[in-house]
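Examination of the molecular architecture
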Amino acid sequence: MDGTITPAIAEPRKEMYHPAFDFRPPVLPSDAEARLAKETSRVLASHLGAAEPLQLRIGRAPGETVRVPASAVRMLVRILEEMAKGNAVTLIPIHTELTTQEAADMLNISRPSLIHLLDEGKLGYRKVGTHRRVRFEALIKLKRQADSDRKAALAELAAYDQELGT
């Protein structure tokens with residue numbers, strides 16, 4: 001499974017919906033769910049070293065098991081860890097295409113600012129009729145690059161501050 005796990009902020013404002021898969025609005029876990037997620041994530045995390053699929057018993061019938069790929073178990077542990085912190089979680093497949101509004105929301109910028117990035121060629125997109133679609137993968141790449149640039153600028157400012165002795 002190829003995707004990114006993102007803690008979602010459950011607010012009454014906009015909900016992201018994508019018709020390619022059935023997005024349910026993120027819902028904050030209850031206290032009981034958060035406690036169960038914490039306990040379950042610890043148990044599953046203790047089995048993360050294995051490269052082979054993990055067998056999990058499901059239901060109440062003896063012998064009813066499923067094999068879960070190790071990569072899916074790692075993702076499940078991350079999901080449970082976020083739930084244990086009280087965060088709602090949304091899973092977005094890496095190849096998903098977002099509308100310009102969805103992409104702007106994910107970057108926490110205005111839609112006109114996103115359009116400016118598209119027009120400057122800083123973020124790839126494709127046209128579907130008259131509408132632009134931004135690949136989630138490209139959006140994450142841009143976000144990581146921006147985060148890296150910010151960290152480098154901050155380190156440069158800190159070094160300059162050290163030079164001045166303040």
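Keep in mind that what you see is a predicted model, and the values were worked out from it rather than measured.

**Quick word on the overall build of the chain**
Looking only at helices and strands, one finds five helices and seven strands in the chain. The N-to-C order of helical and strand elements in the chain reads β-α-β-β-α-β-β-α-α-β-β-α. Out of the 166 residues in the chain, the part that is buried amounts to 24%. Residue pairs at least 24 apart in sequence account for 60% of intrachain contacts in the chain once pairs closer than 6 positions are excluded. Total accessible area computed for the chain in this model is approximately 11700 Å², and 54% of it derives from carbon and sulfur atoms.

**So, the pattern of salt bridges**
Evaluation of the coordinates by the stated rule reveals six salt bridges. Its salt-bridge partner being Glu97, residue Arg126 comes within 2.5 Å of it at the nearest N-O pair. Here Arg126, found in strand 6 (residues 126-128), pairs with Glu97, found in strand 5 (residues 97-99); they are 29 residues apart in sequence, far enough to count as distant. Between Lys122 and Glu120 there is a salt bridge, with its nearest N and O atoms 3.2 Å apart. Taking the relative accessible area as the measure of exposure, Glu120 reaches 41% and is therefore partly exposed.

**Quick look at the packing of helix 3 (residues 100-107) against helix 5 (residues 136-164)**
Closest axis-to-axis distance for the helix 3/helix 5 pair is 11 Å, and the angle between their directions is 30°. It follows from the interaxial angle that helix 3 and helix 5 lie roughly parallel. As for the relative orientation of helix 3 and helix 5, their crossing is right-handed in sense. Residues Ala103, Met106 and Leu107 of helix 3 lie in contact with helix 5, whose contacting residues are Phe136, Leu139, Leu142 and Lys143. Residues of the contact of helix 3 with helix 5, tallied by class, amount to six nonpolar, no polar and one charged.

**Digging into empty space enclosed by the protein**
Per the counting criterion, the structure on display carries one cavity of 30 Å³ or more. Around the largest cavity, the lining residues are His47, Leu48, Ala50, Glu52, Leu54, Ala70, Val73 and Arg74.

**Details of the packing of aromatic side chains**
In this description, an aromatic ring pair is defined by two values, namely the gap between the centres and the angle between the planes. If you walk through the whole model with that rule in mind, you get zero aromatic pairs. Above the face of the Tyr125 ring, Arg132 is positioned so that its terminal group lies 5.2 Å from the ring centre.

**A look at helix 1 (residues 31-45)**
End to end, helix 1 covers 21 Å across 15 residues, agreeing with the expected 21 Å (1.5 Å per residue, within 8%). Taken as a whole, helix 1 has its buried residues at Ala34, Ala37, Ser41 and Leu44. With its buried residues spanning 95° around the axis, helix 1 presents them on a single face. Summarising the geometry of helix 1, the exposed residues directed more than 90 degrees from the buried face are Asp31, Arg35, Leu36, Glu39 and Arg42. Of the surrounding elements, those touching the buried residues of helix 1 are strand 2 (54-57) and helix 2 (70-84).

**Overview of the sheet that holds strand 5**
Read from one edge of the open sheet, three strands run 5-7-6, paired in antiparallel fashion. At either end of the open sheet lies a strand with only one pairing partner, and these are strand 5 and strand 6. When strand polarity is set aside, the average angle formed by the axes of neighbouring strands in this sheet is 45°. When strand 5 meets strand 7 (residues 131-135), the two strands line up antiparallel, connected through three bridges. Opposite Glu97, over in strand 7, you have Arg135 as the bridge partner. In the packing of helix 3 onto the sheet, contacts are made with strand 5 and strand 7, and the angle to strand 5 comes to roughly 95°.

The rules behind these values
Residues numbered from 1 in each chain as written. Predicted model: local features only at pLDDT ≥ 70, side-chain atom pairs only at ≥ 80, totals over all residues. Heavy atoms only, no water. Helix = DSSP H or I, 4+ residues; strand = E, 2+ residues; numbered from the N terminus. Buried < 20%, exposed > 50% of the residue type's maximum accessible area, 1.4 Å probe, protein only. Contact = heavy atoms within 4.5 Å. Areas by Shrake-Rupley, 256 points an atom, 1.4 Å probe, with all protein chains shown as cover. Salt bridge = Lys/Arg side-chain N within 4 Å of Asp/Glu carboxyl O. Axes fitted to C-alpha atoms, helices over the stretch in contact; angles between N-to-C directions. Parallel < 35°, antiparallel > 145°, perpendicular 65-115°, else oblique. Left-handed = near helix turned anticlockwise from the far one by under 90°. Nonpolar A, V, L, I, M, F, W, Y, C, P; charged D, E, K, R; others polar. 1 Å grid on protein atoms, 1.4 Å probe; cavity = no way out; pocket = protein on both sides within 12 Å on 5 of 7 lines; lining within 4 Å. Points joined across faces, edges and corners; volume = space filled by probe spheres on them. Phe/Tyr/Trp six-rings, centres within 6.5 Å; stacked < 30°, edge-to-face > 60°. Lys NZ or Arg CZ within 6 Å of the ring centre and 35° of its normal. Expected span 1.5 Å × (residues − 1). Arc of directions from axis to C-beta. Pairing = 2+ DSSP bridges.

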